[in-house]
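This is what each chain is made of:
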Amino acid sequence: MIDNPNILVWLIPALPLVSAVITALLGSRVLKSYSHVPTVAAAAGSCVLSVLLLLGLALLDGQQSLQLKIDGFKWFSTHVLPGDAPLRFGALDIRFNLQVDSLTAVMLIAITFVGTFIAVFSSGYMHGDPGYPRFFAIMSLFLFSMTGLVLADNFLVLYAFWEGVGLCSYLLVVFWFQKPSAAAAARKAFLVTRLGDAGMILGIMLLWARFGNSLDFDTVFGQAALAGESSVLTLACLLLFCGAVGKSAQFPLHVWLPDAMEGPTPASALIHAATMVTAGVYLVARCSRLFALSPTAQLVVACIGGVTALLGALIALTQTDLKRVLAYSTISQLGYMFLGLGAGLIKDKLIVFAVAAAIFHLFTHAFFKALLFLSAGSVMHGMGHVIDMRRLGGLRKVMPITHWSFLCGAVALAGLIPFSGFWSKDEILEAVLQAGEHSDAHNTVYLVLFATALITAALTAFYTFRAYFKTFWGELRIPDEAYHHGHSTPHDHAEPNDHQANDDRQKSFESPSSMTLPLVVLAIGALFVGLIFEGATHWMGDFLAKSAVFVQFHGYTPEHGFDWLMFGLSMLCAAGGVGLAAWMYLVKPGIADTVASALKPAYNLSLNRFWFDEIYALLIVAPLTLFATVCRLFDSIVDGIVDLVGLLPRQLARGLQPIQNGLVQFYALVTVVFVAAFVIVFALWIRQ
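Residues numbered from 1 in each chain as written. Predicted model: local features only at pLDDT ≥ 70, side-chain atom pairs only at ≥ 80, totals over all residues. Heavy atoms only, no water.

What follows deals with the overall build of the protein chain. Check the secondary structure of the protein chain and you find 26 helices and four strands. The proportion of buried residues among the 688 residues of the protein chain is 55%. Within the protein chain, contacts between residues at least 6 apart in sequence are counted, and of these 80% link residues at least 24 apart. Accessible surface computed for the protein chain: about 28800 Å², of which carbon and sulfur atoms make up 69%. (Helix = DSSP H or I, 4+ residues; strand = E, 2+ residues; numbered from the N terminus. Buried < 20%, exposed > 50% of the residue type's maximum accessible area, 1.4 Å probe, protein only. Contact = heavy atoms within 4.5 Å. Areas by Shrake-Rupley, 256 points an atom, 1.4 Å probe, with all protein chains shown as cover.)

Here it is in structure tokens:
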């Protein structure tokens, strides 16, 4: 039992916040090259506290629902707003309270554990950067916002931290603001995600109007259960899902995430792979009791997830930038998670297994995708920031630790047994298949989504090992930039004259221990967390089933069994994808170009990312630009008319200016002249 959890829970977000303040105030003047120390210490401290919190919840044996409520302080209150039923805005008393259940605990472990080792990695990767203190201040602020997001106990507090996470994402993408591409990517990310956030806040307002005077999760969920299914509730769920679509880069708002790779690679690993982009998954999982009352919204979630999973995988097939391959892979895997969340409703009953599978995949994905991004960052660090796979090859010979780390992440992402991705991916596949077999109205749709998920699994294995083989196998190819990079040895600055000199130079490309140690730790996690937490123990499913999200399903117990048919299909897809990649890029290296030429239209479609950016530019950006131009022209015309009206009195005033010259004798002369003129006019008038 946790006797007094209040201080412990408050410290989890407080430590990163204190770190952010200290680093921002003292980083550039006092801490300097040690600016990473507060961030690493705060992240590690929050991680230890999160582990203690999780252990305390896990020891609550016999409890059907695991939930802790932590009282905070009053934030603000509102009066009753005018309106007619059923949309009446009641008085709100918003308190800054926290809550912890099993869902929160799992999210906290993923955020703080992965965040700690990304911070350690960053200390080596960002070493020598002029913005070193600023980077770690923003990273600490992000950890504060993300932990606060998952600890929030009502929609408005969650939304406040949600926007804080978005701000930190913008600041890290635009970290190298002197690069035009980074500035453009940050604007794009900020604006696209704002579209989803606008829908989310409208959904929160609709819940306020529909369910009275509280936005606490438990109150809203309870009142929604009493009210039952309605069109208003479906609309509210879809609006909330808009926020998830934006933050988690789902179709059609997925276009910002690949461009966000312009930021530092550790930021990509922390925010755009392991944590921030999973906030949308967490939101839908937290609101599962709402979505369970709307089969329509549940189906939309599943369809968007399935389409995004396949779309991201298809685009990743042909990309040549290693980080962009991983970015589209992230989009695809997030689609997998939403597919699991959308498959959680069968015959009007929320299936906890499906939601738990999505969160389990979120948990394992945090490890292996962060590992892959950091491995890509290690490659960039060693290769002079070159990340184009066409210029790389055979790097296993010169970067052995990075090579093995990337391979560990690759086998997990590909879903090969017994590694982490296999267990979580298969649970999602099983959940979707169950939805297809037992759903009353949408059997065909879910079966199509199941087939889509299998195809995506095969494509995932293929593009993952395509990137692995092209980067680490084949002929050794090292770009010229690597020999003049800052961490190279003296051997790197001259062409070798013999074999020994070449060997000496090759040994210098591995990253420093501050970067390789996090790779080793995350590699172990990528390999085994799936097996430990679910595959061999089924602990994760049982633990998540006791979340407050599922409080009305007290009697539910996940079924533990091994589906040999699912295992066969999954392994066939994974092994087939890996085998095809090995044949095309190892056994027959030239066959890839032949296939690309034979399938040139499809290849160009994937290579150009289905031209989504061009379509958006034509259908959205261009019309809005034209509208803005027309508005500016209209504004200019109106301003011209106003200026013309004001021109007459201004000109009249200028005409009278000469008589205001400050000379007393001139004023006296003018007075005499006007008095004489008045006397003359008056005398003439009298004579008439």
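This part is about the pattern of salt bridges. Here the structure, examined in full by the defined rule, presents 11 salt bridges. One salt bridge connects Asp 259 with Lys 188, and the closest N-O pair in it is separated by 2.6 Å. One end of the pair, Asp 259, is in helix H9 (residues 256-259); the other, Lys 188, is in helix H6 (residues 180-211), with 71 residues separating them in the sequence. For Arg 391, the salt bridge is made with Glu 481, and the minimal N-O distance between the two is 2.8 Å. Of this pair, Arg 391 sits in the loop between helix H15 (352-382) and helix H16 (400-414) while Glu 481 sits in the loop between helix H18 (443-472) and helix H19 (499-506), and the two are 90 residues apart along the sequence. A relative accessible area of 34% places Glu 481 in the partly exposed class. One salt-bridge network, in which partners are shared between bridges, spans Lys 188, Asp 259, Arg 324, Arg 609 and Asp 613. (Salt bridge = Lys/Arg side-chain N within 4 Å of Asp/Glu carboxyl O.)

This brings us to the packing of helix H17 (residues 420-438) against helix H22 (residues 564-587). It is at 10 Å that the axes of H17 and H22 come closest, and there the two elements cross at 120°. As judged from the angle between their axes, H17 and H22 are oblique. Judged by the sense of rotation from one axis to the other, the crossing of H17 with H22 is right-handed. Across from Phe 422, Lys 425, Asp 426, Leu 429, Glu 430 and Leu 433 in H17, the residues of H22 making contact are Met 566, Phe 567, Ser 570, Met 571 and Ala 574. Grouping the amino acids of the contact of H17 with H22 by side-chain chemistry returns seven nonpolar, one polar and three charged. (Axes fitted to C-alpha atoms, helices over the stretch in contact; angles between N-to-C directions. Parallel < 35°, antiparallel > 145°, perpendicular 65-115°, else oblique. Left-handed = near helix turned anticlockwise from the far one by under 90°. Nonpolar A, V, L, I, M, F, W, Y, C, P; charged D, E, K, R; others polar.)

On to the pairing of strand E2 (residues 93-101). Taken across its nine residues, E2 has seven buried, putting it largely inside the fold. The pairing of strand E1 (residues 67-77) with E2 spans eight bridges and is antiparallel. Bridge pairing in E2 places Phe 73 opposite Phe 96. (Pairing = 2+ DSSP bridges.)

In contact at an axis separation of 7 Å, H6 and helix H8 (residues 231-247) are set at 150° when each is read in the N-to-C sense. Viewed along their axes, H6 and H8 adopt a mutual orientation that is roughly antiparallel. Once H6 is placed against H8, the crossing between them reads as left-handed. Within the contact of H6 with H8, the residues separate by chemical class into 13 nonpolar, six polar and four charged.

Overall, the coordinates contain 34 aromatic pairs when judged by the stated rule. Taken together, a centroid distance of 5.6 Å and an interplanar angle of 40° make the contact between Phe 113 and Phe 367 tilted. Note that Phe 113 is positioned in helix H3 (residues 102-125) and Phe 367 in helix H15, a separation of 254 residues in sequence. Judged by its relative accessible area of 24%, Phe 113 falls in the partly exposed class. For the pair Phe 121 and Tyr 125, a centre-to-centre distance of 6.0 Å together with 20° between the ring planes defines the contact as stacked. Of the two residues, Phe 121 and Tyr 125 are both situated in helix H3; the distance of four residues between them amounts to about one turn of the helix. On the basis of relative accessible area, Phe 121 is assigned to the buried category, the value being 0%. Exposure remark for Tyr 125: the relative accessible area of 6% places this residue in the buried category. Each residue in the set Phe 113, Phe 117, Phe 363, Phe 367, Phe 533, Trp 539 and Phe 543 is aromatic and connected to the rest through ring pairs, giving one cluster. The lysine or arginine in question, Arg 134, covers the ring of Phe 175, its NZ or CZ lying 4.3 Å from the ring centre. When the ring centre of Phe 190 is taken as origin, the NZ or CZ atom of Arg 194, which lies over that ring, is 4.4 Å away. (Phe/Tyr/Trp six-rings, centres within 6.5 Å; stacked < 30°, edge-to-face > 60°. Lys NZ or Arg CZ within 6 Å of the ring centre and 35° of its normal.)

Moving on, we come to the environment of Thr 278. Inspection of the secondary structure puts Thr 278 in the loop between helix H10 (265-274) and helix H11 (279-286). It is 9.3 Å that separates the C-alpha atoms of Thr 278 and Ile 359, two residues lying 81 residues apart in sequence. Of note is the side chain of Thr 278, whose polar atom sits 2.4 Å from the backbone oxygen of Thr 275. (Polar contact = N/O pair within 3.5 Å; in protein donor to acceptor, adjacent residues only side chain to side chain.)

Moving on: the side chain of Thr 234. For Thr 234, the location among the structural elements is in helix H8. For Thr 234, a relative accessible area of 12% gives the class buried. In contact with Thr 234, other than residues within four places in its own chain, are Ser 294, Thr 296 and Ala 297.

What follows deals with H8. The end-to-end C-alpha separation of H8 is 25 Å, in line with the 24 Å expected for 17 residues at 1.5 Å each. With 12 of 17 residues buried, H8 is to be regarded as a mostly interior element. (Expected span 1.5 Å × (residues − 1).)

Quick look at the confidence of the model for the protein chain now. Averaged over every residue, the pLDDT of the protein chain is 86; the share at 70 or more is 90%. Here residues 486-502 is a poorly scored stretch, pLDDT under 50, and it has 21 contacts once near neighbours within four places are set aside; other chains count. The model gives residues 554-558 a pLDDT under 50, and that stretch makes eight contacts with residues more than four places away or in other chains. (pLDDT = per-residue confidence, 0-100.)

Glancing now at a nonpolar patch on the surface. Side chains of Leu 605, Trp 611, Ile 615, Leu 618, Leu 619, Ile 620, Val 621 and Leu 624 sit close together on the surface and give an oily, nonpolar patch of about 750 Å² of accessible area. Top element by residues in the nonpolar patch is helix H25 (residues 612-656). It accounts for six residues. (Patch = residues over 30% accessible without salt bridge, like charges linked within 9 Å, V, L, I, M, F, W, Y side chains within 5 Å.)

Right, let's get into unusual backbone geometry. For residues besides glycine, phi is generally negative; the peptide bonds are generally trans as well. Phe 251 connects to Pro 252 through a cis peptide bond whose omega is 5°. Between Ile 417 and the following residue, Pro 418, the backbone shows a cis peptide bond with an omega angle of 5°. Along the chain, the position of Pro 418 falls in the loop between H16 and H17. At His 385, a residue that is not glycine, the phi angle is positive and equals roughly 70°. Assignment of secondary structure puts His 385 in the loop between H15 and H16. Located in the positive-phi region is His 538, a residue other than glycine, with phi close to 60°. Position of His 538 relative to the elements: it lies in the loop between helix H20 (513-535) and helix H21 (539-544).

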